[in-house]
Amino acid sequence: MMQGIDTTRIAAFAHDTSLGDPPEEVLTFTRVLLLDTLGAMLGGLRYPAVRALAESLRPSATTDLPFGRLLTLGTAATWLDADSGGSFHPQGHRLPPVPTAHPAPHSLPVLLHAAAHGVDDRRLVEIFLIANEIGMRFGVGTTLRPGLHPHGIHGPIAAAVATALLDGLPPATTATAIELAGAVPMAATLAVPMRGGTVRNLWTGLGAYYGASAARRAADGATGSEALLRELLDGLVCTDLSAAELTTGLGTRWRLTDSYLKPYACARWVHPALDAFRAAVAGVADPVRERGGLAAIEVDTFAFAASLSTVDVSSDLQARFSVPVSLATLALDGELAAAGFLPDRLARPEVGALAALVRLREEPVFTAALPHERPTRVTVHWRDGSTASATVRNARGNPDDPLTADEVAAKFRRNVEDVLDPTTADAVVAGLLDGAGGDTMARAAAEVIGRFCP
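Counting restarts for each chain, with residues numbered from 1 along the sequence as it is written. The predicted nature of this model means local features are confined to residues of pLDDT at least 70 and side-chain atom pairs, given and counted, to a pLDDT of 80 or more, with totals for whole chains, interfaces and linings taken over all residues. Heavy atoms throughout the structure, all of them, feed into the side-chain values; hydrogens and water do not.

**With respect to helix α8 (residues 171-181)**
Now for step 1: Exposure is judged per residue with a 1.4 Å probe applied to protein chains only, and the accessible area is read against the type maximum: over 50% gives exposed, under 20% gives buried, and values in between give partly exposed. To qualify as a helix, a DSSP run of H or I must reach at least 4 residues; to qualify as a strand, a run of E must reach at least 2; elements of each kind are numbered from the N terminus. Counting buried positions along α8 yields nine of 11 residues, so the element is predominantly enclosed.
Now for step 2: Residues of α8 that are buried: T173, T174, A175, T176, A177, I178, E179, L180 and A181.
Now for step 3: By definition, residues are in contact when any of their heavy atoms lie within 4.5 Å. Packing partners of the buried residues in α8 comprise α1 (7-16), α6 (121-140), α7 (155-167), α10 (200-219) and α11 (226-236).

The structure is reproduced here in structure tokens:
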């Protein structure tokens, strides 16, 4: 028998919560997650395809609920595949290990639009905390059906909550907005990004718009259906609905802090190989050229990562789902951020030559460790005959091995090069991480809106 979803209770939490309620460590993580997601979004605006999308959507930029702006910003937020904040069902049996929810890149376009209209940092952080806690709980409380991709499924709920709070809607209307936002899941397949389909990134932009429009529709008197939402989340698009996970401990148990933060701008399955490679070549100043140059990179990993073996990629998204190309870019540049897969950088002959040296193998013992661990071993061979090897059990950035605030700030600055003025980037880092309030998000919006998006 299907369990009921208490949208009234969830909406009450949204309206009753303020920044003064969570412990300081929760607020600290919220600010870090916001900065990290903002960096991924602004970094995505550097890509020619995103800019072309923005130009094509400019005629839709004049309304109070700007389809073009939300679609562009949401698309940019996931273009780098650097969006963080994924959640997993607590039963832990999800294979392949795909996050159920990515609420942060769905809600942030709504908040940056609000920043452009004068909403200050403190209120934006507060709404980001509330909206994404709710979005995460919908992810934790369900399991995606095998083969589906998480973008555009639970994220619109976070966008709807953010819009409802910004618009000052009453709790009953917010409850309806949640039901309406959850009733339009994208339900698209994971195979699309794995094969290089950049349309995947539109799903987040559409989710941001659908969520925001759900709140506006609720305000205009549209009615939702808890029964339909329940059917979608416990049968049609997701399974394993746990109504208790949606509401138990609201305001005391913060699921948002179970999010991961991505060190690299590529698919999460690739990250253990990148961490292991960095560990193996630690102390080697130039692993590509020293010791006569690289001869081979052997990667023993779990099944799903071992399948990401494409060398001749058709798009930067396919590169982000390629262990060889991601490893080659990291080896050349020492990092994997927004600039690494820009068209001219991805087309470098050195990238293809190094990617061809990568040998991927499934290690059955590593596959058996899923989904709680994602072990990977990398062995580097140089032409002088020397070797080095390292094994990791999980990628960095998980809650048990988090990135530091300084690491996230450095990642943010790398991603937003050529988008924000350096002084603005510094102000955003200081304003968000220090929690001092102010209008740094508005300053960022002023430099982005009109120039990079509608």
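**Considering the packing of aromatic side chains**
Now for step 1: Aromatic contacts are taken between Phe, Tyr and Trp rings whose centres are within 6.5 Å, Trp giving its six-membered ring; a plane angle under 30 degrees counts as stacked, one over 60 as edge-to-face, and the others as tilted. With the rule as written, the count across this model stands at five aromatic pairs.
Now for step 2: Pairing Y47 with W79 gives two aromatic rings, centres 6.3 Å apart and planes at 40°, and the pair type is tilted. Of this pair, Y47 sits in the loop between α2 (24-44) and α3 (48-56) while W79 sits in helix α4 (residues 67-79); the two residues are 32 residues apart in sequence, bridging distant segments of the chain. Each member of the pair, Y47 together with W79, is buried.
Now for step 3: Connected via pairs of aromatic rings, a cluster forms that spans F67, Y209 and Y210.

**Things to note about the packing of α1 against α8**
Now for step 1: Helix axes are fitted only over the stretch in contact, all axes being lines through C-alpha atoms; the angle between N-to-C directions runs from 0 to 180 degrees. Across the interface, α1 lies against α8 with an axial gap of 8 Å and an inter-helix angle of 120°. When the axes of α1 and α8 are compared, the pair comes out oblique. You can see that α1 and α8 cross each other, and the crossing is right-handed. Two secondary-structure elements touch here, α1 through T7, T8, I10, A11 and H15 and α8 through P171, T174, A175, I178 and E179.
Now for step 2: Broken down by class, the residue content of the contact of α1 with α8 amounts to five nonpolar, four polar and one charged. Our angle categories are set so that under 35 degrees counts as roughly parallel, over 145 as roughly antiparallel, 65 to 115 as roughly perpendicular, and the remainder as oblique. Each crossing is labelled by how the near helix is turned from the far one, with a counterclockwise turn of less than a right angle marking it left-handed and a clockwise turn marking it right-handed. Side-chain classes are defined by residue name, with Ala, Val, Leu, Ile, Met, Phe, Trp, Tyr, Cys and Pro counting as nonpolar, Asp, Glu, Lys and Arg as charged, and the others, Gly among them, as polar.

Geometric values such as these leave the question of function open.
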